[in-house]
Amino acid sequence: TGVQTCALPIYNKQEQAKPADPTTRTLIIFYDKAKGYKPLLKAIKQNNCTLTYKYKEFNGVAIKVRDGWDIDKAIAYFKGVKGVLSVGKNGVMQLQ
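How each quantity is defined
- Residues numbered from 1 in each chain as written.
- Predicted model: local features only at pLDDT ≥ 70, side-chain atom pairs only at ≥ 80, totals over all residues.
- Heavy atoms only, no water.
- Buried < 20%, exposed > 50% of the residue type's maximum accessible area, 1.4 Å probe, protein only.
- Helix = DSSP H or I, 4+ residues; strand = E, 2+ residues; numbered from the N terminus.
- Arc of directions from axis to C-beta.
- Contact = heavy atoms within 4.5 Å.
- pLDDT = per-residue confidence, 0-100.
- Core = buried A, V, L, I, M, F, W, Y, C linked by side-chain atoms within 4.5 Å.
- Pairing = 2+ DSSP bridges.
- Axes fitted to C-alpha atoms, helices over the stretch in contact; angles between N-to-C directions.
- Phe/Tyr/Trp six-rings, centres within 6.5 Å; stacked < 30°, edge-to-face > 60°.

**Observations regarding helix α2 (residues 38–46)**
Line of reasoning, step 1. Listed as buried for α2 are Leu-40, Ala-43 and Ile-44. When α2 is viewed along its axis, its buried side chains cluster within an angular range of 100° and face the same direction. Residues of α2 that are exposed and angled more than 90 degrees away from the buried face: Lys-38, Lys-42, Lys-45 and Gln-46.
Line of reasoning, step 2. Residues of α2 that are buried in the fold lie against β1 (26–31), β2 (50–55), β3 (60–64), α3 (71–79) and β4 (84–89).

Here you go:
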């Protein structure tokens with residue numbers, strides 16, 4: 001019997017590059033309800049970020065960080081805004 005071969009395509013790293021996942025530019029920010037979120041909204045606007053969702057039950061917002069701003073630097077910046085309690089990257093959490 002003959003030997004069957006299978007040719008796999010060869011890709012270079014540039015061809016394998018995938019478009020950036022939009023969730024990697026999204027931050028979830030929780031704030032102190034007693035202090036309000038006006039300073040946070042001002043900081044979002046001043047840094048050309050986009051408010052994508054406001055969580056009413058959790059006193060939080062989801063924002064899209066502008067392109068070109070390092071996500072870790074954005075996290076550090078928003079952690080310093082008055083009334084902000086926590087800042088984290090958007091992601092999926094798996095419960096066991």
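That was the structure; now back to the text.
**Quick notes on the confidence of the model for the chain**
Note: predicted coordinates in regions of low pLDDT should not be interpreted at a detailed level.
Line of reasoning, step 1. Taken as a whole, the chain shows an average pLDDT of 82; of its residues, 71% reach a score of 70 or greater.
Line of reasoning, step 2. This stretch, residues 4–19, has a pLDDT under 50; its non-local contacts, to residues over four places away or in other chains, come to two contacts.

**What to know about the nonpolar core**
Line of reasoning, step 1. Ranked by internal contacts, the top residues of the largest apolar core, which has 18 residues, are Leu-27, Ile-29, Leu-40, Ile-63 and Phe-78.
Line of reasoning, step 2. Only β1, α2, β3, α3 and β4 provide two or more residues apiece to this core.
Line of reasoning, step 3. Apart from residues lying up to four places away in sequence, Phe-78 is in contact with Leu-27, Ile-29, Leu-40, Ala-43, Ile-44, Cys-49, Ile-63, Trp-69, Val-84 and Val-87.

**Describing unusual backbone geometry**
Line of reasoning, step 1. Although it is not a glycine, Asn-48 sits at a positive phi angle of roughly 55°.
Line of reasoning, step 2. Structurally, the position occupied by Asn-48 is in the loop between α2 and β2.
Line of reasoning, step 3. Classification of Asn-48 as exposed rests on a relative accessible area of 57%.
Line of reasoning, step 4. One non-glycine residue, Asn-59, adopts positive backbone phi at about 50°.
Line of reasoning, step 5. Positionally, Asn-59 belongs in the loop between β2 and β3.

**Some thoughts on the environment of Asp-32**
Line of reasoning, step 1. With respect to the element layout, Asp-32 can be found in the loop between β1 and α2.
Line of reasoning, step 2. Here Asp-32 falls in the partly exposed class, since its relative accessible area comes to 23%.
Line of reasoning, step 3. Spatially, the C-alpha atoms of Asp-32 and Ser-86 are 9.5 Å apart, while their sequence positions differ by 54 residues.
Line of reasoning, step 4. Leave out the neighbours within four places in its chain, and Asp-32 touches Gly-83 and Leu-85.

**Let's talk about the sheet that holds β1**
Line of reasoning, step 1. Pairing is antiparallel in the open sheet, where four strands are placed in the order β2-β3-β1-β4. In this open sheet, the two edge strands, each paired with only one partner strand, are β2 and β4. Neighbour-to-neighbour, the strand axes of the sheet open up by a mean angle of 20°, direction not taken into account.
Line of reasoning, step 2. Contacts between α3 and the sheet are confined to β1, β3 and β4, with β4 contributing the most and set at about 170° to the helix.

**Structural notes on the packing of aromatic side chains**
Line of reasoning, step 1. The full count for this structure, using the stated rule, is five aromatic pairs.
Line of reasoning, step 2. For the ring pair Tyr-53 and Tyr-55, a centre distance of 4.8 Å and an interplane angle of 65° mean the geometry is edge-to-face.
Line of reasoning, step 3. An aromatic cluster is defined as three or more aromatic residues linked by ring pairs; in this entry it consists of Trp-69, Tyr-77 and Phe-78.

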